[in-house]
Amino acid sequence: MSNSHGLQSTGAQRPIQASSAHTSANFSTLVSTVVRTTGADVPPLVGSSTTIIEDTLYVFGGQRLSRTRPGLSNDIYALDLTTLEWTQLETKGDIPSPRYFHSVCALADTKLVCFGGMSPNGGNEANTSPQRPSAQHSSHQLPREVVVMSDIHIFDIPSKTWSYIPTTDAPEGRYAHCATILPSSAAFTNVNIPAQVILSNGVLDGLGGAEMVVVGGQNSANQYMDEISVFNLRSLKWTSTRSLDRYCGAYRSVVSPLPKGMTAAMIGAGSSATLNGTSGAIKSLGGGGGVVVAQGEDPSSNNSAPGNPAANSEGHAMLIYSNYNFLEVRLELQVRLPDGTLVEKPLAGPYSPPGLRFPNGGVIDNHFVLSGTYLTSSKQEYALWVLDLRTLVWSKIDVGNVFSQGSWNRGILWNKRNTFLILGKKDRSLVEDYNQRRVNFNHICMVTLEAFGLYDNPRMNSHPALQRHFDKGAQELGRLALGMRDLADMDFLAVGGERVPVNSRIIARRWGPYFMELLNSANPASASPTSASFGQNARMTPNNHHIPPTPSQISPLTRPRTLYLPHTHQTLLTLVHFLYTSTLPPPSHPQSSPQILCSLLQLARPYRVEGLLEAVVERLHQVLDGKNAAAVFNAAAMAAVVGGSGLRTPPAAGAAAAEDPDHFAKGAISSVIGLQKRGLRGLMEGRRMRERGRSVGAGVNGNGASVQ
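This one's a predicted model, so the numbers in the text were calculated from it and none came from an experiment.

## A few points about the overall build of the protein chain
Point 1. Counting its secondary structure elements, the protein chain contains 11 helices and 36 strands.
Point 2. Taken over 708 residues, the protein chain has a buried fraction of 56%.
Point 3. For the protein chain, restricting intrachain contacts to residue pairs at least 6 apart in sequence, the fraction spanning at least 24 positions comes to 65%.

In structure tokens, the structure reads:
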């Protein structure tokens, strides 16, 4: 293999530094958590794959570094990331042959797609090439010859069944390549295809993916393969192989799809480039509706909104990142367009990461997160960096001294929880394990990316049916309805006596059970013959909350026409705007000030407005700065201990005050707590800067300068 193993000198960095060892320890605890895993004993592995689906990490294959059971593996282990317990899965079907340095990609939330790698036998593989193991990939306990594969197997998670996918015109076998599956919203025509991910209406899940793109890798002669191959997961055929003008592979490269709503033109276009159309136009409406804000969309497309299937129908772009020559590092970033065209994006900022070996990463919130092993003659550590894709500016994610000891070997982006995971073992040597290409699974470090301002709205990455988002036409219709006073049949009353006219049917549809409870509590039983005739079964309950209030539920004679909500007028205007349009006003609008957003953050969970919590957290991450860090921290701290059912308060704060099950089914990681950590981190940085300023001032005074 032609890879260089020279140690690299330290490059320029822009980390978040800690002012002292004590502060560094506190900072590490704030932004990261190191936990020992439990359950099944996962042996240390070489060349295994790690893939996250929902809240589970799957490990497949690899070479076992075990005295009792050496050799290649085709075992699959699952780590429940909410309990941190390993389980070895009992699989059936067309189980792939043991292998290492293969790829496994997530297909929606039910399947894994395995491709290529090296194996001591070809299994079902027809296109194989024998190879003698390279010392680069640790041939200890392996047969004298292994086969380089180009086969495809699909693992169905619910049934724990492997399916072999026979193909023709497969590309040359390879190992140590990079692969990813591009999202799609395409429709299937054959419901019996084993690789498909079908909804009840016969449409492919928007996150399921239609194409697997395989980049680079090495062949049986240990030579890099300068090509990109595409496998279509609808037709189950290889559709194209194109040349690549550089050498890419797992040792030096990372590939990742761009998120929904982000185009290649936005990369490097500056911070004004917005994802998911967050810029908006302010429109004044008459009719007593006050100032109403219509959130804008991508001006280049009417279909760019997240959750809109048309936005994905023409394919997705993807990133190809590589770092070369670890002595004199060269960084390269390419964007592969849906038609296969490659566009170069220059990386020429003053700060850049060093050469990272076996890098991993992914895209979250307009940012590309990168991790890998950093080795020099004077420093050996696992490093985390982030690239702002809008400005192409690098920053180092400094988690304090958490990686100062132990061996940390493999990083994985957990998009659903805005967290970066690093697998390792606290009592081993990083250099020794790197030389063996060894990955340990005894400990896991969870880095809270929200503490660094990296947050993806989980609803925008979920099933389209769960995305609280309306298309442009629906938003405009909601905005118009909000501005038409004649459509209102009741008022929300603010603490200052101001009234916000609303339509109870629209509010009931968009708000749901809690609004019904408020109406019920404001509608005591009446003794009038008219109201008594409706009966007990007419009372509104969570089971019939989808039905707007009608005479069969609440008598028109007794229905409340004014509902008091103990909030300011501006807060109620923004709340009603969200209920009508499912969007927040643009960050520049007064109705989207940090003060109002903090108020919405505290009422989102007790009021149980679907999608509001995630939208407010996302916006607060966008506007948080040194001036409002304290207010955001306090609001998040209060919101974290307010329950999601009425005004119920959980018995304990901290980790126990995580999101309610209706937000995160099993997770103990809260987006509110993540926002709280970022606010606290902002306060710590402000304190550090003030201390530094005082120390500089004292130094100047000590040199004879006067202090005014």
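Let's pick the thread back up.
## Let's talk about the packing of helix α4 (residues 504–511) against helix α7 (residues 569–581)
Point 1. Close contact between α4 and α7 brings their axes to 9 Å; oriented N to C, the two are set at 80°. Put simply, α4 runs roughly perpendicular to α7. For the pair formed by α4 and α7, the contact residues are Ile 506, Ile 507, Arg 510 and Trp 511 on the first element and Leu 579, Tyr 580 and Thr 581 on the second.

## Some points on the sheet that holds strand β23 (residues 318–324)
Point 1. Overall, antiparallel pairing links the 4 strands, which are arranged β20-β23-β24-β25 in an open sheet. Unpaired on one side and paired on the other, β20 (253–257) and β25 (342–345) mark the two borders of the sheet. Mean inter-strand twist for the sheet, computed between neighbouring axes without regard to direction, equals 20°.
Point 2. Where strand β24 (residues 330–336) lies against β25, 4 bridges are found, and the strand directions are antiparallel. Among the inter-strand pairings, Val 335 is bridged to a residue of β25, identified as Val 343.

## With respect to helix α3 (residues 472–483)
Point 1. The terminal C-alpha atoms of α3 lie 17 Å apart, and with 12 residues this matches the ideal 16 Å at 1.5 Å per residue to within 8%.
Point 2. Every buried residue of α3 is listed here: Gln 475, Gly 478, Arg 479, Ala 481, Leu 482 and Gly 483.

## Quick word on unusual backbone geometry
Point 1. Positioned with a positive phi, Asn 222 is a non-glycine residue whose angle comes to about 60°.
Point 2. Following the sequence through the fold, Asn 222 ends up in the loop between β17 (211–215) and β18 (227–232).
Point 3. If you check the backbone angles, Arg 608 has positive phi at about 55° while not being a glycine.
Point 4. When you line up the elements, Arg 608 lands in the loop between α8 (594–607) and α9 (612–623).

## Here's the deal with the state of the cysteines
Point 1. Applying the stated criterion across every chain, the model contains 0 disulfides.
Point 2. With no disulfide of its own, Cys 178 lies 6.9 Å from the sulfur of Cys 248, the closest cysteine sulfur.
Point 3. Under the relative-accessibility criterion, Cys 178 is labelled buried at 7%.

## Digging into the packing of aromatic side chains
Point 1. One pass over the full model with this rule turns up 19 aromatic pairs.
Point 2. Every member of this aromatic cluster is reached through a ring pair, and the members are Phe 492, Trp 511, Tyr 514, Phe 515 and Tyr 607.
Point 3. Above the face of the Tyr 434 ring, Arg 437 is positioned so that its terminal group lies 4.5 Å from the ring centre.

## Here's the deal with the pattern of salt bridges
Point 1. The full count for this structure, using the stated rule, is 21 salt bridges.
Point 2. In this structure, the salt-bridge partner of Lys 416 is Glu 54, at a minimum N-O distance of 2.9 Å. Here Lys 416 is found in the loop between β30 (407–414) and β31 (419–425), whereas its partner Glu 54 is found in the loop between β4 (49–53) and β5 (56–60), with 362 residues between them in sequence.
Point 3. Relative accessible area serves as the criterion here: at 42%, Glu 54 is assigned to the partly exposed category.
Point 4. Here Glu 432 makes a salt bridge to Arg 428, at a shortest N to O gap of 3.4 Å.
Point 5. Judged by its relative accessible area of 42%, Glu 432 is partly exposed.

## A few points about the nonpolar core
Point 1. By size, the foremost hydrophobic cluster in this structure holds 52 residues, and its most contacted members are Phe 492, Trp 511, Phe 515, Leu 601, Leu 612 and Leu 620.
Point 2. Here this core takes 8 residues from α8, the largest share from any one element.
Point 3. Leave out the neighbours within four places in its chain, and Trp 511 touches Phe 492, Leu 518, Leu 565, Leu 579, Tyr 607, Arg 608 and Val 609.
Point 4. In this structure, Leu 319, Val 335, Val 363 and Leu 387 belong to the second largest nonpolar core, which totals 23 residues.

## Focus: the confidence of the model for the protein chain
Point 1. Looking at the protein chain as a whole, its pLDDT mean stands at 76, while 69% of the residues score no less than 70.
Point 2. Scored below 50 in pLDDT, residues 1–23 shows 72 contacts in the model against residues more than four places distant or in partner chains.
Point 3. Taken as a whole, residues 526–547 scores under 50 in pLDDT and shows 30 contacts with residues more than four places along the chain or in a different chain.

## Focus: the pairing of strand β9 (residues 85–88)
Point 1. Sheet topology note: the strand β2 (residues 38–39)/β9 ladder contains 2 bridges and is parallel. When the bridges of β9 are listed, Thr 38 appears paired with Glu 85.
Point 2. Relative to β9, strand β8 (residues 76–80) runs antiparallel, the two sharing 4 bridges. What sits directly across from Leu 79, in β9, is Trp 86.
Point 3. Counting the residues in the hairpin turn of β8 and β9 gives 4 residues, including Leu 84, whose phi is positive at 60°.

## Describing the environment of Tyr 224
Point 1. Relative to the helices and strands, Tyr 224 resides in the loop between β17 and β18.
Point 2. Sequence spacing of Tyr 224 and Ala 176 is 48 residues, and the spatial spacing of their C-alpha atoms is 9.5 Å.

## A short note on the pairing of β8
Point 1. The element β8 is extensively covered by neighbouring structure, given that 4 of its 5 residues are classed as buried.
Point 2. Bridge count between β5 and β8: 5 bridges; the pairing is antiparallel. Opposite Val 59, over in β8, you have Tyr 77 as the bridge partner.

## Notes on the side chain of Ser 103
Point 1. Looking at where Ser 103 falls in the secondary structure, it is placed in strand β11 (residues 103–107).
Point 2. There is a polar contact of 2.9 Å between the side chain of Ser 103 and the side chain of His 177.
Point 3. Those residues in contact with Ser 103 that sit more than four places away from it in its chain are Val 113, Cys 114, Phe 115, His 177 and Ala 179.

## Here's the deal with the packing of α8 against α9
Point 1. Put simply, α8 and α9 touch, their axes get as near as 9 Å, and they point 150° apart. One way to sum up the angle between α8 and α9 is to call them roughly antiparallel. Crossing geometry of α8 relative to α9 is assigned as left-handed. Here α8 contributes Pro 594, Leu 597, Cys 598, Leu 600, Leu 601, Leu 603, Ala 604 and Arg 605 to the contact with α9, which in turn contributes Leu 612, Leu 613, Val 616, Val 617, Arg 619, Leu 620 and Val 623.
Point 2. Considering only residue class, the contact of α8 with α9 consists of 13 nonpolar, no polar and 2 charged.

## Quick look at the sheet that holds β5
Point 1. Taken together, the 5 strands give an open sheet; going across it, the order is β2-β9-β8-β5-β4, and neighbouring strands pair in mixed fashion. The open sheet is flanked by β2 and β4, the only strands paired with a single partner.

## Some words on the environment of Thr 241
Point 1. Mapping Thr 241 onto the fold places it in strand β19 (residues 237–243).
Point 2. On the basis of relative accessible area, Thr 241 is assigned to the partly exposed category, the value being 45%.
Point 3. If sequence neighbours within four positions are ignored, Thr 241 has contacts with Pro 171, Glu 227, Ile 228 and Ser 229.
Point 4. Among the polar contacts listed, one links the side chain of Thr 241 to the side chain of Ser 229, at a separation of 3.1 Å.

Procedures and definitions
Residues numbered from 1 in each chain as written. Predicted model: local features only at pLDDT ≥ 70, side-chain atom pairs only at ≥ 80, totals over all residues. Heavy atoms only, no water. Helix = DSSP H or I, 4+ residues; strand = E, 2+ residues; numbered from the N terminus. Buried < 20%, exposed > 50% of the residue type's maximum accessible area, 1.4 Å probe, protein only. Contact = heavy atoms within 4.5 Å. Axes fitted to C-alpha atoms, helices over the stretch in contact; angles between N-to-C directions. Parallel < 35°, antiparallel > 145°, perpendicular 65-115°, else oblique. Pairing = 2+ DSSP bridges. Expected span 1.5 Å × (residues − 1). Disulfide = S-S within 2.5 Å. Phe/Tyr/Trp six-rings, centres within 6.5 Å; stacked < 30°, edge-to-face > 60°. Lys NZ or Arg CZ within 6 Å of the ring centre and 35° of its normal. Salt bridge = Lys/Arg side-chain N within 4 Å of Asp/Glu carboxyl O. Core = buried A, V, L, I, M, F, W, Y, C linked by side-chain atoms within 4.5 Å. pLDDT = per-residue confidence, 0-100. Polar contact = N/O pair within 3.5 Å; in protein donor to acceptor, adjacent residues only side chain to side chain. Left-handed = near helix turned anticlockwise from the far one by under 90°. Nonpolar A, V, L, I, M, F, W, Y, C, P; charged D, E, K, R; others polar.

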